[in-house]
Every structure is written in C-alpha cells, then in structure tokens.
Amino acid sequence: MIESAVLWLLKMLAVPTVGLTSVFIISFVAATLLPLGSEPAVFAVIKANGALFWPVIFVATLGNTLGGVVDYWMGYGAKQAFARERGSSWFAWLERYGAKTMLLAWVPGIGDPICTLGGWLKLPFWPSVMYMAIGKFLRYILVVWLLLNVPDGFWREVAGWLA
C-alpha cells in the first residue's frame, strides 16, 4: 500500500504543472530559515523534462525570492531579538553595502539570515528584492548547468546506491 502511494505521488509530481508547483513550494520553504535545499527538486524536474528548463528556473527563482522576502519581513519585525547583536561585524557590513548584500541571499547557511538582518536594518525593500532575485537566479542557472553536465551514468549509479 505504501509503495503504491509513493509511486502515485512520484507520478503526480512528474506532471509539469504539479512539478512546477512542487518546485515553487520547495524553493519557497528552502529560502526560509529551515534547513532545506531546493536544488535537488529543480534539477530533478529539469532532468525529467528538459523542455521545462526556463519555466523551472523562473519558478524556483520566484519561490526562493519570495521566501527571502518572508525572511526580510521577519527581520523587519524582529528588532528586539537582534538588539544584542547590533554591534557585530555583520551589521556593520550590511549597513555599509546596503541592499547589494542581498546578492548573497543564495549562499547556504548565511543567505537566509542576511535577508532577515536586511529587513531588521530596514534596507530598501525593492532594491533588496531585486538583488535577492538576481543572486538566486544566477545560482539556479549555475547549479543546474553544472548538474546537467554530469554524465547520466553517474546519476544511475547514485540511484543504484539509494535503491
């Protein structure tokens, strides 16, 4: 019963519209402070249907950017939680470079907190969103390009290890 449910779920996720929805949701959640990466989902959908390359990249970028916006607004409202960190080098660095620091929103481990701190510092909203989107878009293009250039035999071997 569980096996048939998993097969049904995998079949549903392979449908392009559901696949794009899944990519959006995973990319959105991955941009919050939760430890989740969206690249495997992005790569899997593109690998399954290469014709969806650009739609998947744009949907993942949108979802990940909107997740960064949520981080920004959480930071905007979390002044008290970060009050003791005000003197740290992170704040000085963010204040010095402003919204351009959001280009680093894609970096694992520090990107989401940078978005949160940017909101706390009340960096200009729309420039911050623009730089977040640019950084995240370039990350998806680079990661997917690198993964697509790995020979298929490697991915079959990895699938064999996981089976």
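Owing to the predicted nature of the structure, the values given are computational and were not obtained by experimental measurement.

Trainee: Looking at this structure, I do not really get the packing of aromatic side chains. What am I missing?
Mentor: What characterises a pair of aromatic rings is the spacing of the ring centres plus the angle enclosed by the ring planes. Tallying each qualifying case throughout the model produces 10 aromatic pairs. Their ring planes at 65° and their centres at 5.3 Å tell us that Tyr-72 and Phe-125 sit as a pair that is edge-to-face. Of this pair, Tyr-72 sits in helix α4 (residues 53-76) while Phe-125 sits in helix α8 (residues 125-148), and the two are 53 residues apart along the sequence. Plain terms: the ring middles of Trp-73 and Tyr-76 are 4.9 Å apart, the flat faces sit at 65° to each other, and that makes the pair edge-to-face.

Trainee: Is there a simple way to explain the packing of helix α3 (residues 39-48) against α8 in this structure?
Mentor: Describing two packed helices takes the angle between their axes plus the distance from one axis to the other. Contact geometry for α3 and α8: axes closest at 10 Å, N-to-C directions at 55°. With respect to α8, the axis of α3 lies oblique. As α3 packs across α8, the resulting crossing turns out to be right-handed. Here α3 contributes Glu-39, Val-42, Phe-43, Ile-46 and Lys-47 to the contact with α8, which in turn contributes Arg-139, Tyr-140, Val-143, Val-144, Leu-147 and Leu-148. Across the contact of α3 with α8, the residue classes break down as eight nonpolar, no polar and three charged.

Trainee: How do you make sense of the pattern of salt bridges when you look at a structure like this?
Mentor: Charged atoms that come close allow side chains of opposite charge to pair. Under the criterion given, the structure shown has two salt bridges. Among the ionic pairs, Glu-39 bridges to Arg-139, the shortest N-O distance being 3.2 Å. Placement of Glu-39 in helix α3 and of Arg-139 in helix α8 is noted, with a sequence separation of 100 residues between them. By the burial criterion, Glu-39 is buried, and Arg-139 matches it. In this structure, Asp-152 and Lys-47 form a salt bridge, with 2.4 Å as the shortest nitrogen-oxygen distance.

Trainee: What's the story with unusual backbone geometry in this structure? I'm lost.
Mentor: Look at Lys-122: it is not a glycine, yet its phi comes out positive at around 60°. For Lys-122, the position within the fold is in the loop between α7 (111-120) and α8. On the basis of relative accessible area, Lys-122 is assigned to the partly exposed category, the value being 45%.

The rules we used
- Residues numbered from 1 in each chain as written.
- Predicted model: local features only at pLDDT ≥ 70, side-chain atom pairs only at ≥ 80, totals over all residues.
- Heavy atoms only, no water.
- Phe/Tyr/Trp six-rings, centres within 6.5 Å; stacked < 30°, edge-to-face > 60°.
- Helix = DSSP H or I, 4+ residues; strand = E, 2+ residues; numbered from the N terminus.
- Axes fitted to C-alpha atoms, helices over the stretch in contact; angles between N-to-C directions.
- Parallel < 35°, antiparallel > 145°, perpendicular 65-115°, else oblique.
- Left-handed = near helix turned anticlockwise from the far one by under 90°.
- Contact = heavy atoms within 4.5 Å.
- Nonpolar A, V, L, I, M, F, W, Y, C, P; charged D, E, K, R; others polar.
- Salt bridge = Lys/Arg side-chain N within 4 Å of Asp/Glu carboxyl O.
- Buried < 20%, exposed > 50% of the residue type's maximum accessible area, 1.4 Å probe, protein only.

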